[in-house]
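The lines below spell out each chain.
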Amino acid sequence: MHKLQTLLDNNIKWADSITQEDPEFFKRLSEAQSPEYLWIGCSDSRVPANEIVGLLPGEIFVHRNIANLVVHTDFNCMSVIEFSVKVLKVKHIIVCGHYGCGGVKAAVDNTSHGLIDNWLYSIKNLYYRNKYRMDSLTTEEARHNYLCELNVIQQVKNVAHSHVVQDAWSKGQDLTIHGWIYSLKDGLVNDLGVDIHSPEDLADEYRVTNPVQE
Ligand code: CO
């Protein structure tokens with residue numbers, strides 16, 4: 001049997017098991033979604049959003065790309081953030097990176113990987129800006145782990161600096177941005193404790209004093 005058939009068979013079993021547990025589940029979900037969370041994570045197959053935090057379909061809106069980057073000129077990611085904040089009115093945006101991220105490694109290994117180098121460029125800048133601290137770490141693994149954490153922290157700021165998020169805050173919307181990191185070694189998530197929940201948490205230079213009016 002072709003391997004893909006296994007996936008389709010798995011799908012039938014999965015849908016069946018959910019329906020057994022909750023006969024109205026799919027009917028309810030097909031009518032609307034109202035997730036409270038937006039997850040921005042890495043595309044890495046070992047970091048599946050729903051499974052890690054034990055949430056069912058309908059409970060978390062998800063955007064994933066290589067190295068969980070939030071780039072303001074990326075219409076894909078910014079559209080996801082806009083839809084989540086303005087329409088779904090999520091209360092939490094979680095940027096979740098992971099140790100052992102191939103994207104983070106590729107950004108600083110001084111070899112050419114093609115198109116992806118452009119995507120990962122901001123991580124190289126992050127490394128360069130923190131070179132002094134990075135170089136004081138004694139092992140390659142420690143340096144890599146630290147850069148993975150710095151990358152998450154920067155992306156949390158990038159989300160918070162966006163006009164969409166600042167506009168939501170100006171309208172009194174309850175919205176917090178969180179930075180988490182996942183360990184492939186034990187499956188556990190570590191909260192980096194860098195929550196941002198209002199413009200007061202931002203450096204003055206990044207505050208938008210006159211958010212775009214509708
Ligand atoms: Co990754």
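Since the structure is predicted, the reported quantities are computational estimates derived from the model, not experimental observations.

## Looking at the coordination of the cobalt ion
- Surrounding the cobalt ion are the protein donor atoms C42 (SG), H98 (NE2) and C101 (SG), which sit 2.0 to 2.3 Å from the metal.
- Between consecutive donors of the cobalt ion, the numbers of intervening residues give the motif C-x55-H-x2-C. Remark: C101 occurs in the loop between β3 (92-98) and α5 (102-107) and C42 occurs in strand β1 (residues 37-42); sequence separation between them is 59 residues.

## Examining the nonpolar core
- With 43 residues, the main nonpolar core has I81, I93, V159, L175 and I177 as its most contacted residues.
- Every element with two or more residues in this core is listed here: β1, α4 (75-88), β3, α5, α6 (116-129), α8 (140-161), α9 (163-170) and β4 (176-182).
- The element contributing the most residues to this core is α8, with eight residues.
- With sequence-adjacent residues up to four places away left out, I177 is seen in contact with I93, V156, V159, A160, V165, W169, V194, D195 and I196.

## Details of the packing of aromatic side chains
- Taken as a whole, this structure holds four aromatic pairs when the rule is applied.
- Ring geometry for W39 and W180: centres 6.5 Å apart, planes at 80 degrees, overall edge-to-face. Separated by 141 residues along the polypeptide, W39 in strand β1 and W180 in strand β4 bring together distant segments of the chain. Each of the two residues, W39 as well as W180, counts as buried.
- Taking 5.6 Å as the distance between ring centres and 40 degrees as the angle between the ring planes, the aromatic pair formed by F61 and F83 counts as tilted. In this pair, F61 sits in strand β2 (residues 60-65) while F83 sits in helix α4, placing the two residues 22 residues apart along the sequence.

Rules used throughout
Residues numbered from 1 in each chain as written. Predicted model: local features only at pLDDT ≥ 70, side-chain atom pairs only at ≥ 80, totals over all residues. Heavy atoms only, no water. Donors = N, O, S within 2.8 Å, 3.2 Å for Na, K, Ca; no water. Helix = DSSP H or I, 4+ residues; strand = E, 2+ residues; numbered from the N terminus. Core = buried A, V, L, I, M, F, W, Y, C linked by side-chain atoms within 4.5 Å. Buried < 20%, exposed > 50% of the residue type's maximum accessible area, 1.4 Å probe, protein only. Contact = heavy atoms within 4.5 Å. Phe/Tyr/Trp six-rings, centres within 6.5 Å; stacked < 30°, edge-to-face > 60°.

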